[in-house]
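Structural characterization, general
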Amino acid sequence: DAKTTQPNSMESNEEEPVHLPCNHSTISGTDYIHWYRQLPSQGPEYVIHGLTSNVNNRMASLAIAEDRKSSTLILHRATLRDAAVYYCILVDSSYKLIFGSGTRLLVRP
Amino acid sequence: DTAVSQTPKYLVTQMGNDKSIKCEQNLGHDTMYWYKQDSKKFLKIMFSYNNKELIINETVPNRFSPKSPDKAHLNLHINSLELGDSAVYFCASSQGTSGTKTQYFGPGTRLLVL
C-alpha cells in the first residue's frame, strides 16, 4: 500500500503557482520523497525528488517539512500542459515505486 | 530518439491466447521494470530486472513471465490471457537501484482481452 496521502484533486488558474501537498507521517529516515506525474494517455514522468532539504529543478520545487512528515510540490507558474495526475511516492531501500491514487491537477485557462 | 519504447502500443486479443509485449531502452540503464495500470488507474509494480537478473517479483500470477535477453530489453509474456489482464502495461528503466534513482517510463501498451 502507498505510504502517502494526497488530495484527490486540485484546481489552479493558468500562470499561477500551484502547491500540491503530500502527507507521509510514517516516513523512515532513509526514505526518499519522489514526485512523478502522469499526463493523459502517457506513462509516468519524473518530476523531482529529495531527502531532507528543499530541492529545485527546471520543472518544480520540492519543499520538505523539517520533520519530513509532509512535503509540497510547487509548480511556479502552471500551464495547461501541467494538467496531470501527480504522485508523491516514498522510495525506500527496495527502490520500488509504490503509487497511490495521486492528485489530479486541473488547470483553468 | 525514444528513450523507452514498447511494442505493440495496442493489443486486442481473445481470452486464452498467449501474447508478448516488448520493451527496449536506449539510455544505457542496467535496471528495467514492468508496471500494470488497471481500469481504476492504480499503477503497480510487477517485476524488475537488474543486469538481466530478476530482483523484484511481486505477487503476480505465474502466467506472467518476464524475460530479459540483455540489459536493454525486458519482454513480458502472458499465457492463457484472462479478462482481468486487460490493463495498460508500462515498462520503465533506471540506472542502478537506490532511492535516488529516477525511473523513465515508456508510453504503455494497452491490452484488451475479449
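Above this text sits the structure in question.
Residues numbered from 1 in each chain as written. Chains lettered and ligands numbered in written order. Predicted model: local features only at pLDDT ≥ 70, side-chain atom pairs only at ≥ 80, totals over all residues. Heavy atoms only, no water.

1. Topic: the overall build of chain B
Helix and strand counts for chain B come out as zero helices and 11 strands. Reading the helices (α) and strands (β) of chain B from amino to carboxyl end gives β-β-β-β-β-β-β-β-β-β-β. Expected size for 114 residues packed as a compact globule is a radius of gyration near 13 Å; at 13 Å, chain B falls within 12% of this value. Along the three orthogonal principal directions, the C-alpha set of chain B runs to about 40 × 30 × 30 Å. Residues classed as buried in chain B amount to 45% of the 114 residues present. The contacts of chain B with a sequence gap of at least 6 include a subset with a gap of at least 24, amounting to 55%. Taken as a whole, chain B presents about 5700 Å² of accessible surface, with 49% of it coming from carbon and sulfur. (Helix = DSSP H or I, 4+ residues; strand = E, 2+ residues; numbered from the N terminus. Rg over C-alpha atoms; globule rule 2.2 N^0.38 Å. Buried < 20%, exposed > 50% of the residue type's maximum accessible area, 1.4 Å probe, protein only. Contact = heavy atoms within 4.5 Å. Areas by Shrake-Rupley, 256 points an atom, 1.4 Å probe, with all protein chains shown as cover.)

2. Some details on the state of the cysteines
On inspection of all chains with the given rule, the structure shows two disulfides over all chains. Put simply, cysteine 22 of chain A and cysteine 88 of chain A are joined by a disulfide, and their sulfur atoms are 2.1 Å apart. Judged by the torsion about the S-S bond (-85°), the cysteine 22 of chain A/cysteine 88 of chain A disulfide is left-handed. On the criterion of sequence distance, the pair formed by cysteine 22 of chain A in strand S2 (residues 18–23) and cysteine 88 of chain A in strand S8 (residues 84–91) is long-range, its members being 66 residues apart. Of the two residues, cysteine 22 of chain A and cysteine 88 of chain A, neither departs from the other in class, the shared state being buried. Across the disulfide from cysteine 23 of chain B sits cysteine 91 of chain B; the S-S distance is 1.9 Å. Every disulfide takes its handedness from the sign of the S-S torsion; for cysteine 23 of chain B and cysteine 91 of chain B that torsion is -80°, giving left-handed. (Disulfide = S-S within 2.5 Å.)

3. Examining the nonpolar core
One finds Leu20, Ile33, Trp35, Leu73, Leu75, Tyr86 and Leu105 of chain A to be the most contacted residues of the largest nonpolar core, which totals 21 residues. Of all the secondary structure elements, the ones that give two or more residues to this core are S2, strand S3 (32–38), strand S4 (45–50), strand S6 (61–64), strand S7 (70–75), S8 and strand S9 (103–108) of chain A. The element contributing the most residues to this core is S8 of chain A, with four residues. Filtering out sequence-adjacent residues up to four positions away, leucine 105 of chain A remains in contact with Met10, Ser12, Val18, Leu20, Leu75, Asp82, Ala83, Ala84 and Tyr86 of chain A. Tyr49, Leu76, Leu81 and Val113 of chain B belong to the second largest nonpolar core, which has 19 residues in total. (Core = buried A, V, L, I, M, F, W, Y, C linked by side-chain atoms within 4.5 Å.)

4. Considerations on the pairing of S8 of chain A
The two faces of the sheet receive side chains in turn, since in a regular strand these alternate between them. All names here are of chain A. Counting buried positions along S8 gives eight out of eight residues, so the element sits mostly inside the fold. Because side chains alternate across S8, one face comprises the buried residues Ala84, Tyr86, Cys88 and Leu90, and the other comprises Val85, Tyr87, Ile89 and Val91, equally buried. Of the strand pairs in this sheet, S3 and S8 are connected by seven bridges, and their pairing is antiparallel. What sits directly across from histidine 34, in S8, is isoleucine 89. Across three bridges, S8 lies against S9 in antiparallel orientation. Each residue of the ladder has a partner; that of tyrosine 86, found in S9, is threonine 103. (Pairing = 2+ DSSP bridges.)

5. Considerations on unusual backbone geometry
Residue and element names in this part refer to chain B. For the bond from threonine 7 to proline 8, the omega torsion is -5°, close enough to zero to count as cis. Residue serine 80 is not a glycine yet carries a positive backbone phi of 45°. On the basis of relative accessible area, serine 80 is assigned to the partly exposed category, the value being 38%.

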